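If you want the building blocks of each chain, they are given just below.
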Amino acid sequence: MDVLVIGGGVIGLVTAWRAAQRGLRTALADPEPGGGAAQVAAGMLAAVTELHYGEETLLGLNLASANRYPRFAAELEEASGEDTGYRSCGTLAVALDTDDRAHLRELHALQRRFGLESEWLTGRECRRLEPLLAPGVRGGLRVDGDHQIDPRRLARALVVACERAGVVFHRRWAERLSVVRDRAAGAVLAGGLSVAAGQVVLAAGSLSGRLEGLPAQAVPPVRPVKGQVLRLNVPPSYAPFLSRTVRAVVRGSHVYLVPRENGELVVGATSEELGWDTTVTAGGVYRLLRDAHELMPGITELPLTETRAGLRPGSPDNAPLLGPAELPGLLLATGHYRNGVLLTPVTGDVMAHALVTGELPDEARPFTPRRFSPAQQKVSA
Ligand code: GLY
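Numbering of residues starts from 1 in every chain and runs along the sequence as written. For a predicted model such as this one, the threshold for reporting local features is a pLDDT of at least 70, and the threshold for listing and counting side-chain atom pairs is 80 or more; totals across whole chains, interfaces and linings nevertheless cover every residue. Only heavy atoms go into the side-chain values, all of them from the structure, while hydrogens and water stay out.

Turning to the overall build of the protein, a few remarks are in order. A tally of regular secondary structure across the protein gives eight helices and 19 strands. Just to be clear, the radius of gyration here is over C-alpha atoms, and the globule rule we use is 2.2 Å times residues to the power 0.38. Taking 381 residues into account, the globule formula puts the C-alpha radius of gyration at 21 Å, and the protein, at 21 Å, falls close to it. Along the longest, intermediate and shortest principal axes, the C-alpha atoms of the protein span 65 × 50 × 40 Å. Across the 381 residues that make up the protein, the buried fraction comes to 57%. Only heavy atoms enter the contact rule, under which two residues are in contact if any of them lie within 4.5 Å. When contacts within the protein are restricted to residue pairs at least 6 apart in sequence, those whose partners lie at least 24 apart make up 73%. To measure how exposed things are, a 1.4 Å probe is used in the Shrake-Rupley method; for residues, cover is taken only from the protein chains shown. For the protein, the computed accessible surface area is about 15,800 Å², with 50% contributed by carbon and sulfur atoms. In the protein, which carries 41 positive and 41 negative side-chain charges, the distance between the mean positions of the two groups comes to 1 Å. Secondary structure elements are taken from DSSP: a helix is a run of H or I of four residues or more, a strand is a run of E of two residues or more, and numbering for both begins at the N terminus. Relative accessibility thresholds used throughout: buried, under 20% of the residue-type maximum; exposed, over 50%; partly exposed, between the two (1.4 Å probe, protein chains only). Note on charges: Lys and Arg go in the positive column, Asp and Glu in the negative column, and His and the chain ends are not counted at all. Note that the charge is assigned to NZ on lysines, CZ on arginines, CG on aspartates and CD on glutamates.

Quick look at the structure:
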């Protein structure tokens, strides 16, 4: 093999697909390709409404990926014959009380500083767009460029596209990285199968730091950040319930409602630093339902169809680690934190470029894993 990708979430899959399209003989190891954090994610493509102070560099990559989405989704649907659920529906971020409104005003100022498209609306204007919003909504931001995709469909389409592009799937864990003469040379999989490859891409989400055999300087600094997410169903008789994604900060906690065309309504998400815990808790579900109910009182009428928790791969600066690591032959595609689904198209392009040329394209240079290497950090200090 030219390339072995470890991890079959959306990031590993898109890397394998793009690598195979470039003519590289590519294998992927994962017991359940298409699983991972995307099975829980809501699929908001929220480059503008999920902007945070201090993440300006990441904003550039997020926007680059959001801009690629329409063509990416069309190409993937063509290659796989699968619908990805891409929906250009826009987003409304709303505020319920004076503090939430002040928070939203700050976000609006930040968005305008970066020249992003976002329009301030009164509470009445918000309700004109989404009539089932609570009467207490005090104002909001209309962002017509933040869309959504169904991450489960995205993952399924990527599996099929990989199969059709000739990616070889090993449906097992990678247990140990093989290092030969100080170079990554493949991996030993569960059951003892050895897969040799010229280059190895570690794309195992929050598990990326746990692969045995990684030399200390190449271990990615990723950690799991738990998110609990609910799924409800809007029966056809209730439609139209919501026409776009609605999000809010309710008394300091983030909540979002993402309506799919098939009636699914995703409500997320908690953000909890609890290590590897994926328990769905009464408190998590209560808080999400309470906050969602404050925004859309009608939500309590809907059937609750699923509760689930996933692990975001958090990194020290909330941005992904992309490209060559501190071990020749090893590349990383991990640490996407809150933006894995959004960053899928650009990650595929960046990783294919890095695999073929050995270099990161300019847009991805700030995301080199080497920014966390001890030598680099000494220079920065
Ligand atoms: N980007 C949404 C979340 O991380 O919950």
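Picking up where we left off.
This part is about the site of the ligand. Every residue lining the ligand is accounted for by M44, E50, Y256, A269, R312 and R338. Two N or O atoms form a polar contact when they lie within 3.5 Å of each other; inside protein one atom must be a possible hydrogen donor and the other a possible acceptor, and for residues adjacent in sequence the pair counts only when both atoms belong to side chains. With respect to the ligand, the side chain of R312 contributes an N or O atom lying 2.8 Å from an oxygen atom. In isolation the ligand offers 200 Å² of accessible surface; the protein chains occlude 84% of this area. Each residue belonging to the shell around the ligand can be placed in one class, and the counts come to three nonpolar, no polar and three charged. Nearness is defined per residue: one heavy atom within 4 Å of the molecule or strand is enough. When residues are sorted by character, Ala, Val, Leu, Ile, Met, Phe, Trp, Tyr, Cys and Pro go into the nonpolar class, Asp, Glu, Lys and Arg into the charged class, and all the rest, Gly among them, into the polar class.

What follows concerns helix α1 (residues 10-21). One less than the residue count of a helix, multiplied by 1.5 Å, gives the span that helix is expected to have. The end-to-end C-alpha distance of α1 is 16 Å, a good match for the 16 Å that twelve residues give at a rise of 1.5 Å each. When you tally the buried positions in α1, you get eleven out of twelve residues, the bulk of the element. Listed as buried for α1 are V10, I11, G12, L13, V14, T15, A16, W17, R18, A19 and A20. Just downstream of α1, G23 is the residue with a positive phi angle, here 90 degrees.

To continue, consider a nonpolar patch on the surface. A patch is a set of surface residues, each over 30% in relative accessible area and not in a salt bridge, joined within 9 Å for like charges and within 5 Å for the nonpolar side chains Val, Leu, Ile, Met, Phe, Trp and Tyr. Any Lys or Arg side-chain nitrogen found within 4 Å of a carboxyl oxygen on Asp or Glu counts as a salt bridge. A contiguous nonpolar patch, built from W173, L207 and W276 and spanning about 320 Å² of accessible area, is present on the exposed surface. Tracing the backbone shows W276 in the loop between β16 (264-268) and α6 (282-295).

Our focus in this paragraph is the layout of surface pockets. Of the pockets and cavities examined, the second largest pocket occupies roughly 260 Å³. If you trace the second largest pocket, you find 18 residues lining it, with L51, H103, L107, V249 and H254 closest to the centre. For the lining of the second largest pocket, the secondary structure elements donating two or more residues are β4 (91-95), α3 (98-113) and β14 (245-250). With six residues, α3 is the largest single contributor of residues to the lining of the second largest pocket. Classifying every residue of the lining of the second largest pocket by side-chain character gives ten nonpolar, four polar and four charged. Residues are said to line a cavity or pocket when one of their atoms sits within 4 Å of a point; the points come from a 1 Å grid over protein atoms alone, cavities being sets where a 1.4 Å probe fits but cannot get out and pockets being open sets with protein on both sides within 12 Å along at least five of seven lines. Grid points are joined across faces, edges and corners, and a volume is the space filled by probe spheres set on the points.

Looking now at the pattern of salt bridges. All told, the structure shown has 30 salt bridges when counted by the stated rule. Put simply, R153 and D83 hold a salt bridge, and the shortest N to O gap is 2.9 Å. Here R153 is found in helix α5 (residues 151-165), whereas its partner D83 is found in the loop between α2 (56-80) and β4, with 70 residues between them in sequence. Relative accessible area serves as the criterion here: at 44%, D83 is assigned to the partly exposed category. Notably, a salt bridge pairs R290 with D291, separated by 3.1 Å at the nearest N-O pair.

Let us now look at the environment of R251. Position of R251 among the secondary structure elements: in the loop between β14 and β15 (253-259). For the pair R251 and G213, spaced 38 residues apart in sequence, the C-alpha separation works out to 45 Å. Beyond its immediate chain neighbours, meaning those up to four positions away, R251 contacts D97, D100, R290, D291 and E294. Polar side-chain contacts of R251 include one of 2.9 Å to the side chain of E294.

Let us now look at the sheet that holds strand β5 (residues 119-122). When DSSP finds two or more bridges between a pair of strands, those strands are recorded as paired. Taken in spatial order, the eight strands of this open sheet run β5-β6-β4-β14-β15-β16-β13-β17, and their pairing is mixed. In this open sheet, the two edge strands, each paired with only one partner strand, are β5 and β17 (304-314). In this sheet, neighbouring strand axes are inclined to one another by 25 degrees on average, regardless of whether the strands run parallel or antiparallel. Examined bridge by bridge, β15 and β16 share four bridges and lie antiparallel to one another. Axis lines are fitted to C-alpha atoms, over the contacting stretch for helices. Their N-to-C directions set the angle, which ranges from 0 to 180 degrees.

Centre distance within 6.5 Å is the pairing criterion for rings of Phe, Tyr and Trp, where only the six-membered ring of Trp is used; planes under 30 degrees apart are then read as stacked, over 60 as edge-to-face, and the remainder as tilted. This structure, assessed with the given rule, holds three aromatic pairs. On the numbers, 6.1 Å between centres and 70 degrees between planes, the contact of W17 with F72 is edge-to-face. Of this pair, W17 sits in helix α1 while F72 sits in helix α2, placing them 55 residues apart in sequence. In this structure W17 comes out as buried when scored by relative accessible area, which is 2%. The class for F72 is buried, based on a relative accessible area of 3%. Here the aromatic rings of Y69 and Y86 are separated by 5.9 Å at their centres, their planes lie at 0 degrees, and the arrangement is stacked. Linking Y69 in helix α2 with Y86 in the loop between α2 and β4, this pair joins segments that are 17 residues apart in sequence. Judged by its relative accessible area of 1%, Y69 is buried. Cation over ring: R171 sits above F169, and NZ or CZ is 5.0 Å from the ring centre. Charge over a ring is defined by NZ of Lys or CZ of Arg lying within 6 Å of the ring centre and within 35 degrees of the ring normal. For the cation-ring pair, R210 lies above W276, with the distance from its terminal atom to the ring centre recorded as 4.3 Å.

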